[in-house]
Amino acid sequence: MKFQTCSIVVGGLRCNGKCPYCVSLMTPLMEPFAVKPADIDKRNFAIACELAKMSQVTTVVFTGKGEPTLYPKLISAYLRLIDENGYRIPIRELQTNGIAIYQDWGKYRKFLATWKKRWLSTIAISCAHYEDEKNRRIFQPDGDYLNLTELIEILHGAGYSVRLSAIMVKGLLDNLDEIKNLVNFAKENRVEQLTIRPLGKPANSRNPEACEWIDKHITSPSLVEEIFAFLNAEVAAKRAKLLLNLVHGAVVYDLWGQNFCLTNCLTSSPNPDEVRQLIFSGRNLYFDWSSLAAKIF
Ligand code: SF4
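Since the model is a prediction, treat every value here as computed from it, not as a measurement.

Calculation criteria
- Residues numbered from 1 in each chain as written.
- Predicted model: local features only at pLDDT ≥ 70, side-chain atom pairs only at ≥ 80, totals over all residues.
- Helix = DSSP H or I, 4+ residues; strand = E, 2+ residues; numbered from the N terminus.
- Rg over C-alpha atoms; globule rule 2.2 N^0.38 Å.
- Buried ≥ 20, exposed ≤ 12 C-beta atoms within 10 Å, placed from the backbone.
- Pairing = 2+ DSSP bridges.
- Core = buried A, V, L, I, M, F, W, Y, C linked by C-beta atoms within 7 Å.
- Contact = placed C-beta atoms within 7 Å.

Let us look at the overall build of the chain. When helices and strands are tallied, the chain shows nine helices and 11 strands. In summary, the chain has a C-alpha radius of gyration of 19 Å against a globular reference of 19 Å for 297 residues, a match within 12%. Expressed along its principal axes, the backbone C-alpha trace of the chain runs to roughly 50 × 45 × 40 Å. For the chain, with 297 residues in total, the buried portion stands at 38%.

Right, dumping it as structure tokens:
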């Protein structure tokens, strides 16, 4: 089996976002979670690191079934353990909605400085649009949310690369002009990587409400075709260049000088020799988000 990334589920289900399409609410729980450093099964984590090492995994992704930044001490503990296990996985990323970092910068400044020393290099911010008010309606309909431009600036100032991970939702990023605006927004804000993906749901969801919302807000499949046609035209006009074809159909372009990745929500590969990721839940190790049967130990 080959693994490309190692995802670490940081903490439990707590989240300061309220996304109606939350994939965490749809995929199976991987309990018991580690919600504090003492909960981490260090033996199992050492084995996971060794397996990652043998598979030549280059990327570790701190993610969550909730919001990982609500468990900052856990992120510190995992980074320390990776180094203590002697596996210096070089690319280390954190996926976040960015809300806690933005709203409580005084507290998170210190954590981000510590994590940077332990090679965390990229902060991937989830978003559904480039306009804050539209994102707020998705992420924090009852709250203040954040200013995306300012958050990107703060993270750049702290020495991090920023990836915007945008999801295409009907009424928001649902047409080519909006995608182009997003690319321009990323470029203006010197965002290192921009990833867009259509809204998706697992085959077996445990949350009918989220599924219903997704069914109503999924963008037309023709939008992806339209984006590809646009990219091909830009390549022909030498305003874009295909940089990388990743497995599972993800493609990375240089579009107008902006890194631009179009991907889908797949997490597993039917090829038995090519498994996309290891997932460490805090106690156990899996290779697929969508099934508890995808357990290694
Ligand atoms: S920020 Fe992530 S975990 Fe939180 S509600 Fe949104 S999708 Fe779910």
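Residues Gln258, Phe260 and Leu262 line the buried face of strand 9 (residues 258-262), whereas the alternating positions Asn259 and Cys261 sit on a face that is not buried. Sheet analysis places strand 6 (residues 193-198) next to strand 9, joined by three bridges and oriented parallel. Residue pairing across strands places Leu194 opposite Phe260, the latter belonging to strand 9. Pairing between strand 8 (residues 251-255) and strand 9: five bridges, direction antiparallel. By the bridge assignment, Val251 is partnered in strand 9 with Leu262. Once strand 8 ends, the chain turns through two residues before running back antiparallel as strand 9, passing Trp256 with a positive phi of about 55°.

Here we come to the nonpolar core. With 79 residues, the main nonpolar core has Cys6, Ile75, Leu151, Leu173, Leu278 and Phe280 as its most contacted residues. Looking at this core, the element that brings in the most residues is helix 2 (residues 72-84), giving six residues. With sequence-adjacent residues up to four places away left out, Leu151 is seen in contact with Gly98, Ile101, Tyr102, Ile125 and Leu146.

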